[in-house]
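Residue-level structural notes
Residues per chain are reported as follows:
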Amino acid sequence: MSVASSPLATGELTYREAIRSVLFEEMRSDPRVVLMGEDVGQAGGPFKTSVGLADAFPDRVIDTPIAENSFVGAALGMAATGLRPVVEIMFADFLLVAADAIVNELAKLRFMSGNQIIAPVTIRAIGGGTMHFGAQHSATYESLFVQVPGLHIATAGSPASAYGLLRFAMQLDEPVLFIEHKGLYARRGAVDADPRPYAPGRSRLLRKGRDVTVVASLLMVERSLEAAMTLAGEGIDVEVIDVQWVQPLDVHAVAESVGRTGRLIVVSEQVHEGSWAATLISRLAQDGAPWRVSPIVLGLPRLAMPFSPPLEAAMIPSAVRIQDAIRLLTRRS
Amino acid sequence: MVTGADRLGWYRQLVLIRLFEDRVQQFYDENRLPGTTHLSQGQEAVAVGAVAALNRDDYVTITYRGHGQAIARGVPIEAAFAEILGRASGTSGGLGGSMHLIDASRGLIASSGIVAGGLPIALGAALSAQIQKTGRVAMTFFGDGATNIGGFHETLNMASVWKAPVVFVCENNLYGEFSPIRTTTPIDNLADRAAAYGMRGEVVDGNDVELVFARTTQAVERARNGDGPTLLECKTYRYRGHSRSDPGKYRPVGELERWKQRDPIELLGHRLTEERIVSSTELEQLRQEVNEEIEAAAARAATAPWPAPEILERLIESGR
């Protein structure tokens, strides 16, 4: 698959600008692209990721009523008839409101039709904690739909990933669940003119290291990098991988890395049970367990997200907790 | 302008659907039908009349009780039988089954086994036509039970606020699965629900194919002209139970017989002979021809090869 590079694809952008530029560029270059969701039009998006798009493409930016299940279903109808819709789900928690359309219709239409119909719908869902939104507005749910054949699932852990992954998501002839983290919108970073490191099923190596492999998603990517930087001062050399695609999962790249370091930590903002972290470890175990010491999974305890800031902060793995886990692992050999 | 030939064509389609579904029932009785199936004998006039109001390039979504609309839309009966029997030559190569007769070449873009699942998809197809300015219309079929689920209300609301070129065709056969509508729904006319969304709603005699055609034609024209969607409630009756395992014993004595007196095939056949468009001998001959067509297609489908399990490998490889 070829992805045209763009003049905007150089220099630094915020995570928010990265998403907005991909939406803008894709809408400009492909008249089949439509953006729909709650307040994505005149309001510019609840998280301001679509500012100006309604003015630039008035016929193709649709403010929907608050009716997730049916506007995702409508996006499928658009996709089945030649358009390439992007649907914004304001909070990833609301994916569950649209779960029937996503799971029973969107993910299965191509299959049930015997490959007669494709369903190129990108669902952008905004997830994640640290912003004090409480129990119903803080989940990432990046693993919830892993059980559903027919869906690709991407997680954007940086401006570069947001830029590269969203472009692939929108150009793929498949439904893609694209998870953004609301705590990352203001982050600034370089984006990549080369699309290849973001292709479906590719993780991205962000930091080379000899001692431990840390695989992370979303906000945990920068926290893992921060932990790696601190530990470098202690002589511990940490390799950091942004998982990027939760489905398909880049088991091969992680196996290669752990084969070198002998140690693995998986960090995400999810409950361990049923997560991609658990899948990653079981797949690696099946393929011969490349580690020298047992891996560690860092994530959320089995609780809903508390509202109170100190409680919320205690829930989500911090850079310090990641450092502690790395130190613990390096002491085992 | 509806001609005698049009009406005779509708008669033929009504018979084709009836005999097709009778044959599906026979496959079940012979224990040759895998899984379940939802038959629509008695409701054929809705499928035939409403589909006749569409252009070839319009869009349609149907339900798990969708054999009738699929056939009315022109899906070859052999491919439909083959799909229902799980054969490689089926419309979806056996991946879909009775509940998912899909034929993209005929604008039949979705057939959902989820109640009201097809409504938003049809809305999306209508929005697609609106955005791409193709002048196409989408039509979605659903049962009375679907009017009690959120997707119906959400979709009608959006369709109305955006004046989407979509026609909502409710087949009210008086039972949601096994439950009489009176026990689940507090109003007599489901078309009244359109008013809540500022939409035109009409009750139609769903056993009269000519009336269904006339009213859907108007609704399709309004949609195509940018005058927005319509909810048509076609009142009709399901001769058989909800699905193949349901004998429908919960129905009051005499109800089925009363509805059979207004059988959609008999109703039209009677008119055509009364008006001397066709003789009853000719109709009988037509029924025999259709029956032979059905038997031949059924026989071919029933002996068609099963899909090879190796195709699963290919599907897994391709990641869907």
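Residues numbered from 1 in each chain as written. Chains lettered and ligands numbered in written order. Predicted model: local features only at pLDDT ≥ 70, side-chain atom pairs only at ≥ 80, totals over all residues.

**Notes on the overall build of chain A**
Counting its regular elements, chain A contains 11 helices and 14 strands. Taken against the 2.2 N^0.38 rule, which gives 20 Å for 333 residues, the C-alpha radius of gyration of chain A at 19 Å falls within 12% of a compact globule. Expressed as lengths along the three principal axes of its C-alpha atoms, the size of chain A is roughly 60 × 45 × 40 Å. Looking at chain A residue by residue over its 333 residues, the buried ones come to 58%. Put simply, of all contacts in chain A between residues at least 6 apart along the chain, 79% involve residues at least 24 apart. (Helix = DSSP H or I, 4+ residues; strand = E, 2+ residues; numbered from the N terminus. Rg over C-alpha atoms; globule rule 2.2 N^0.38 Å. Buried ≥ 20, exposed ≤ 12 C-beta atoms within 10 Å, placed from the backbone. Contact = placed C-beta atoms within 7 Å.)

**Comments concerning the overall build of chain B**
Across its full length, chain B holds 11 helices and 8 strands. Counting only residues that meet the buried cut, chain B has 52% of its 320 residues in that class. Taking the intrachain contacts of chain B between residues at least 6 apart in sequence as the baseline, contacts between residues at least 24 apart amount to 74%.

**What about the domain arrangement of chain A?**
All names here are of chain A. The domain architecture assigned to chain A consists of domain 1 (8-198) and domain 2 (204-331). Here the C-alpha centre of domain 2 lies 25 Å away from the C-alpha centre of domain 1. Contacts between the two partners involve 26 residues from domain 1 and, on the opposite side, 25 residues from domain 2. Elements represented by at least two residues in the side of domain 1 that touches domain 2 include exactly strand E6 (152-155), helix H6 (159-171) and strand E7 (176-181). In terms of residues, the side of domain 1 that touches domain 2 owes the most to one element, E6, which gives 4 residues. (Domains from an automatic or database assignment.)

**A closer look at the pairing of strand E4 (residues 84-89) of chain A**
Residues and elements named next belong to chain A. Among the 6 residues that make up E4, 6 are buried, leaving the element largely enclosed by the rest of the structure. Here E4 shows two buried faces, one formed by Arg84, Val86 and Glu88 and the other by Pro85, Val87 and Ile89. Taken together, the 5 bridges between strand E2 (residues 33-37) and E4 define a ladder with parallel strand orientation. If you follow Val34 over to E4, its bridge partner there is Pro85. Both E4 and strand E5 (residues 122-127) contribute to a ladder of 4 bridges, which runs parallel. Bridge assignment links Glu88 to a residue of E5, and that residue is Arg124. (Pairing = 2+ DSSP bridges.)

**Section: the pairing of strand E1 (residues 59-63) of chain B**
Residue and element names in this part refer to chain B. With 5 of 5 residues buried, E1 is to be regarded as a mostly interior element. Residues Tyr59, Thr61 and Thr63 of E1 are buried on one face, and the alternating residues Val60 and Ile62, pointing to the opposite face, are buried as well. In this sheet, strand E3 (residues 138-143) lies alongside E1 in parallel orientation, the contact comprising 3 bridges. Across the sheet, Tyr59 pairs through a bridge with Ala138, a residue of E3. Looking at chain direction, E1 and strand E2 (residues 108-112) are connected through 4 bridges and run parallel. Considered in E2, the bridge of Thr61 is made with Ala110.

**A word on the packing of helix H7 (residues 219-232) of chain A against helix H11 (residues 319-331) of chain A**
Residue and element names in this part refer to chain A. Between H7 and H11, whose axes approach to 8 Å, the crossing angle comes to 55°. As the angle between them shows, H7 and H11 are arranged oblique. Crossing angle aside, the handedness with which H7 passes H11 is right-handed. Across the interface between the two elements, Arg223, Ser224, Glu226, Ala227, Thr230 and Leu231 of H7 pack against Ala319, Ile322, Gln323 and Ile326 of H11. Along the lines of polarity and charge, the residues of the contact of H7 with H11 split into 5 nonpolar, 3 polar and 2 charged. (Axes fitted to C-alpha atoms, helices over the stretch in contact; angles between N-to-C directions. Parallel < 35°, antiparallel > 145°, perpendicular 65-115°, else oblique. Left-handed = near helix turned anticlockwise from the far one by under 90°. Nonpolar A, V, L, I, M, F, W, Y, C, P; charged D, E, K, R; others polar.)

**A closer look at the sheet that holds E2(B)**
Residues and elements named next belong to chain B. Read across the sheet, 6 strands follow the order E2-E1-E3-E4-E8-E7 without closing on themselves; strand pairing throughout is parallel. Every other strand in the sheet has two partners, leaving E2 and strand E7 (200-205) as the edge strands with one partner each. Averaged over neighbouring strand pairs, the angle between their axes works out to 20° when direction is ignored. Bridge count for E3 against strand E4 (residues 166-172) is 6 bridges, and the pairing is parallel. Within E4, the position partnered with Thr140 by the bridge is Phe168.

**Some points on the interface of chain A and chain B**
Taken together, the contact pairs 35 residues of chain A with 32 residues of chain B. Secondary-structure elements contributing two or more residues to the side of chain A that touches chain B are helix H3 (68-79), helix H4 (99-106) and helix H5 (109-112) of chain A. When residues of the side of chain A that touches chain B are assigned to their parent elements, the largest contribution, 9 residues, is made by H3(A). Each residue belonging to the side of chain A that touches chain B can be placed in one class, and the counts come to 17 nonpolar, 12 polar and 6 charged.

**Here we look at H4(A)**
In an α-helix, one full turn covers 3.6 residues, which means residues spaced three or four apart are oriented alike. What H4(A) keeps buried is the set A:Asp100, A:Ala101, A:Ile102, A:Glu105 and A:Leu106. On its buried face, H4(A) sits against H3, H5 and E5 of chain A together with E2 and helix H5 (118-132) of chain B.

**Structural notes on the nonpolar core**
In this structure, A:Leu76 and B:Ala126 are the most contacted members of the largest nonpolar core, which totals 194 residues. Tallying contributions element by element places helix H1 (residues 4-29) of chain B first for this core, with 9 residues. Taken domain by domain, the makeup of this core includes at least three residues from each of domain 1 (8-198) and domain 2 (204-331) of chain A. Not counting residues within four places of it along the chain, the set of residues in contact with A:Leu76 comprises A:Ala101, A:Glu105, A:Leu106, A:Leu109, A:Ala119, A:Val121, B:Ile121 and B:Gly124. (Core = buried A, V, L, I, M, F, W, Y, C linked by C-beta atoms within 7 Å.)

**Topic: the environment of B:Met99**
Residue and element names in this part refer to chain B. Mapping Met99 onto the fold places it in the loop between helix H4 (77-84) and E2. Between the C-alpha atoms of Met99 and Ser89, which are 10 residues apart in sequence, the distance is 16 Å. When near neighbours in sequence (up to four residues on either side) are disregarded, Met99 contacts Tyr64, Ser111 and Gly113.

**Describing unusual backbone geometry**
Of the consecutive residues A:Gln247 and A:Pro248, the connecting peptide bond is found in the cis state with omega at -5°. Along the chain, the position of A:Pro248 falls in the loop between strand E12 (245-247) and helix H8 (251-261). For A:Asn115, which is not a glycine, the phi torsion comes out positive at approximately 70°. In this structure, A:Asn115 sits in the loop between H5 and E5. Within the chain, B:Lys163 stands out as a residue other than glycine whose phi angle is a positive 50°. The topology assignment puts B:Lys163 in the loop between helix H6 (150-161) and E4. B:Lys163 gets classed as partly exposed once you count the C-beta atoms within 10 Å, which come to 16.

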